[in-house]
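Chain by chain, the residues:
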Amino acid sequence: MDGASKRERLEGVTAEVRACRLCPLHEGRMNPVVGGGSLDSPLVLVGEAPGRKEDEQGKPFVGSAGKLLDSMLEEANLERSKLFITNIVKCRPPNNRRPLSKEVRACSTHLETLLGIISPRVIAPMGNSSTGHFLRMFGLEKAKIGDIHGNVFRVEASWGDVILFPLYHPAAVLYNRTLEQELKDDFAALRRLLEG
Ligand code: SF4
């Protein structure tokens, strides 16, 4: 798929998400957050859901977790503008609660369309909710992020072979600084994986 077709298809998904009422999360949103970055990226980072700042600006990871993510990317020598970042649900849950399974299921069509457009070589789900969603999607055994972060899972997606590489969510590091070094090490490993 060439760049123009990808951009056209992204515009289509963006319009669908803006009009979407498939789950109750549309009721409280200011702006849905489809995602952002390069449509040619070999890596898609997938968080949980937009927070307050993301909802205000319609952009992913622009709050405090986003700042931490930026510093992790910089340290791993990964340029944010060359990656694509999104979430498993596109609308902010009330009071930043975790999205319910039925909301994640409802929003999975948008996520799958987006991933199909980008066709990344690596998907890095961040946190338990996002990792759980991808483990289910690819028929892998349920596991906690603390047990499988930084592990490589080779799976088959509709566009080809994909590596699933779970990471801690940057927000988890804000609450528990002892996870910081582990997340840094995982980003360094992710960088090596992309170079390999
Ligand atoms: S969270 Fe997803 S499924 Fe729910 S209303 Fe928003 S775009 Fe639609």
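Data block above holds the structure.
## A few points about the pairing of strand β4 (residues 122-125)
No. 1: A two-sided burial pattern is seen for β4, the buried positions comprising Val-122 and Ala-124 on one face and Ile-123 and Pro-125 on the other.
No. 2: For strand β2 (residues 43-47) and β4, the ladder comprises four bridges, and the chain directions are parallel. Opposite Leu-45, over in β4, you have Ala-124 as the bridge partner.

## Comments concerning the site of the ligand
No. 1: In the vicinity of the ligand, the contacting residues are Cys-20, Leu-22, Cys-23, His-26, Arg-29, Lys-90, Cys-91, Ala-106, Cys-107 and His-110.
No. 2: Residue composition of the shell around the ligand, by class: six nonpolar, two polar and two charged.

## Examining the packing of helix α4 (residues 101-118) against helix α5 (residues 128-137)
No. 1: Orientation of α4 relative to α5, taken along the N-to-C sense of each, is 75 degrees, at an axis distance of 12 Å. On the basis of their axis angle, the class for α4 and α5 is roughly perpendicular. Of the residues in α5, those touching α4 at Val-104, Ser-108, Leu-111, Glu-112 and Leu-115 are His-133, Phe-134 and Met-137.
No. 2: Across the contact of α4 with α5, the residue classes break down as five nonpolar, two polar and one charged.

About the cut-offs
- Once a new chain begins, its residue numbering starts again from 1 and follows that chain's sequence as written.
- Whole-chain, interface and lining totals are the exception, using all residues; otherwise, since this is a predicted model, local features are given only for residues with pLDDT of at least 70 and side-chain atom pairs are given and counted only at 80 or more.
- Remark: hydrogens and water are excluded; side-chain values derive from all non-hydrogen atoms of the structure.
- Working definition: with a 1.4 Å probe on protein chains only, accessible area under 20% of the residue-type maximum means buried, over 50% means exposed, and in between means partly exposed.
- In this text, helices come from DSSP runs of H or I with a minimum length of four residues, and strands from runs of E with a minimum of two, each type numbered from the N-terminal end.
- For two strands to be treated as a pair, DSSP must find at least two bridges joining them.
- Distances are taken per atom, and a residue is near a molecule or strand as soon as one of its heavy atoms is within 4 Å of it.
- For this scheme, ten residues count as nonpolar: Ala, Val, Leu, Ile, Met, Phe, Trp, Tyr, Cys and Pro. Four count as charged, namely Asp, Glu, Lys and Arg, and the remainder, Gly too, count as polar.
- To define axes, lines are fitted to C-alpha atoms, for helices over the stretch in contact only, and angles between the resulting N-to-C directions are given on a 0 to 180 degree scale.
- When describing relative orientation, an angle under 35 degrees is termed roughly parallel and one over 145 degrees roughly antiparallel, while 65 to 115 degrees is termed roughly perpendicular and anything else oblique.
- Here a residue-residue contact requires only that any non-hydrogen atoms of the pair lie within 4.5 Å.

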